Amino acid sequence: MGAGHAHPLHLDHDSPVHRLPAEVKIVATLLFTIVVVLTPRERFLAFAGYLVLLVGVLVLAKVPPLWLAKRATIELPFVLLAVALPFAGHGERVHWLGMSLSIDGLHGAWNIFAKGTLGVLASLLLAATTTARDLILGLDRLRCPQVFTQIATFMLRYLDILADDARRMRVARLSRGYDPRFLWQVKAFAVGVGALFIRSYERGERVYLAMVARGYSGRLPRPDGAAATTADWARSATLPIAAGAIALAAVLS
């Protein structure tokens, strides 16, 4: 796992969150997301509390709010789906600004928007404070299936090569005066994807045979590195424990 492979979502800062081992951050993010998903959608103040917790992590990790907001737009398709629910929902309706809106649809839209946004923000904070290499190492330390971590490792190493192959194929097609832009020209795109797949498959086979010749036995060597300490786990547990306390208070209130 080459150290030079960094994903575009990672911010190279020095902060207490960046210094935490990847495995404790993965578990903390997962538990926080589970608490958010299990929170009843009618507990509006609980979601406000979760947002405050994420803002605290954002400040601690020195992540620019604008940087986070721009990348959170990845959830826009789900937001558009949520916007349609109040109009398409059934049951009791309420009239607002001349529009007839379903109350159940409004709750459903809020549920998708609130939980989706909090999940996306938590994932982006994890990605911003952890390199792709460390994420894979963290999953390996958490006993994630080896097949998954190995596929992710090779994808990380060769993704740039595949992107370069696709770019060269596009340049070659354009240099021959063919630039498909319409639906009936999709054949050229399909042929290019097929050729890229075959080329990638053949490269993967050559890489695998070369690794076997060098003693590869099905598991990549685990690099040296200090395991997460009890203090690391305790610090990372602050987020899910605080979220759990907010959820419990909201349910009991």
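Worth saying up front: this structure is predicted, and the values here are computed from it rather than measured.

Novice: Even after reading the chapter, I still don't get helix 7 (residues 132-141), so can you show me in this structure?
Specialist: Because an α-helix packs 3.6 residues into every turn, residues spaced three or four apart end up facing the same way. Within helix 7, burial applies to Ala132, Ile136, Leu137, Gly138 and Asp140. Residues of helix 7 that are buried sit in contact with helix 2 (22-38) and helix 8 (146-175). Arginine 143, located one to two residues past helix 7, shows a positive phi value of around 65°.

Novice: Where do I start with the packing of helix 3 (residues 44-61) against helix 11 (residues 238-252) in this structure?
Specialist: Two packed helices can be described by the angle between their axes and the distance between those axes. Packing of helix 3 against helix 11 brings their axes to within 9 Å, and their N-to-C directions diverge by 165°. The angle between helix 3 and helix 11 places the two elements in the roughly antiparallel class. For the pair helix 3 and helix 11, the sense of crossing is right-handed. Note on element contacts: helix 11 touches helix 3 through Leu239, Ala242, Ala243, Ile246, Ala247 and Ala250, opposite Ala46, Gly49, Tyr50, Leu53 and Val57. Tallied by class, the residues present in the contact of helix 3 with helix 11 amount to ten nonpolar, one polar and no charged.

Novice: What is the right way to look at the packing of aromatic side chains in this model?
Specialist: Aromatic rings considered in pairs are described by the distance between their centres and by the relative angle of their planes. Applying the stated criterion to the full structure yields five aromatic pairs. Note on phenylalanine 32 and tyrosine 50: the rings are 6.0 Å apart at their centroids and 80° apart in plane angle, and the pair reads as edge-to-face. On the criterion of sequence distance, the pair formed by phenylalanine 32 in helix 2 and tyrosine 50 in helix 3 is long-range, its members being 18 residues apart. The exposure classification of phenylalanine 32 matches that of tyrosine 50, with both residues buried. Here the aromatic residues Phe32, Phe44, Phe47, Tyr50 and Trp110 are joined through ring pairs into a cluster of three or more.

Novice: Just checking my understanding: could you explain the nonpolar core for this structure?
Specialist: It is characteristic of soluble globular proteins that their nonpolar side chains tend to be buried jointly. If you look at the biggest cluster of nonpolar residues, it comprises 27 residues, and the most contacted ones within it are Phe32, Tyr50, Leu54, Val63 and Leu68. Contributing elements (two or more residues each) for this core: helix 2, helix 3, helix 4 (65-71), helix 6 (103-129) and helix 11. Of all the elements, helix 6 adds the most residues to this core, at eight residues. The contact partners of phenylalanine 32, leaving out residues within four places of it in the chain, are Tyr50, Leu53, Leu54, Leu118, Ala122, Leu239, Pro240 and Ala243.

Novice: I'm lost on the environment of lysine 25 in this one. Help?
Specialist: Among the secondary structure elements, lysine 25 is positioned in helix 2. The class of lysine 25 is buried, set by a relative accessible area of 6%. Residue contacts for lysine 25: discarding those within four places in its chain leaves Val17, His18, Leu20, Leu126, Thr129 and Thr130.

How each quantity is defined
- Here the residue numbers are simple positions, counted from 1 along each chain's written sequence.
- Only residues with pLDDT of at least 70 are given local features in this predicted model, and only at 80 or more are side-chain atom pairs given and counted; all residues enter the totals for whole chains, interfaces and linings.
- As a rule here, side-chain values come from all non-hydrogen atoms in the structure, and water together with hydrogens is ignored.
- Burial classes: relative accessible area under 20% of the type maximum marks a residue as buried, over 50% as exposed, and values in between as partly exposed (1.4 Å probe, protein chains only).
- Strands here mean DSSP runs of E at least two residues long; helices mean DSSP runs of H or I at least four residues long; both are numbered from the N terminus.
- Should any heavy atoms of two residues lie within 4.5 Å, those residues are considered in contact.
- Fitting a line to C-alpha atoms yields each axis, with helices limited to the stretch in contact; the angle taken between N-to-C directions then spans 0 to 180 degrees.
- An angle below 35 degrees is treated as roughly parallel, one above 145 as roughly antiparallel, one from 65 to 115 as roughly perpendicular, and anything else as oblique.
- Note on convention: the crossing is left-handed when the near helix lies turned anticlockwise from the far helix by less than a right angle, right-handed when the turn is clockwise.
- For this classification, Asp, Glu, Lys and Arg are treated as charged, while Ala, Val, Leu, Ile, Met, Phe, Trp, Tyr, Cys and Pro are nonpolar and the rest, including Gly, are polar.
- Only the six-membered ring of Trp is used, alongside the rings of Phe and Tyr, when aromatic pairs are assigned; centres must lie within 6.5 Å, and planes under 30 degrees apart are stacked while those over 60 apart are edge-to-face, with the rest tilted.
- Working definition of a nonpolar core: buried Ala, Val, Leu, Ile, Met, Phe, Trp, Tyr and Cys residues. They are joined through side-chain atoms within 4.5 Å.

Don't take any of this as a statement about function, it's just geometry.
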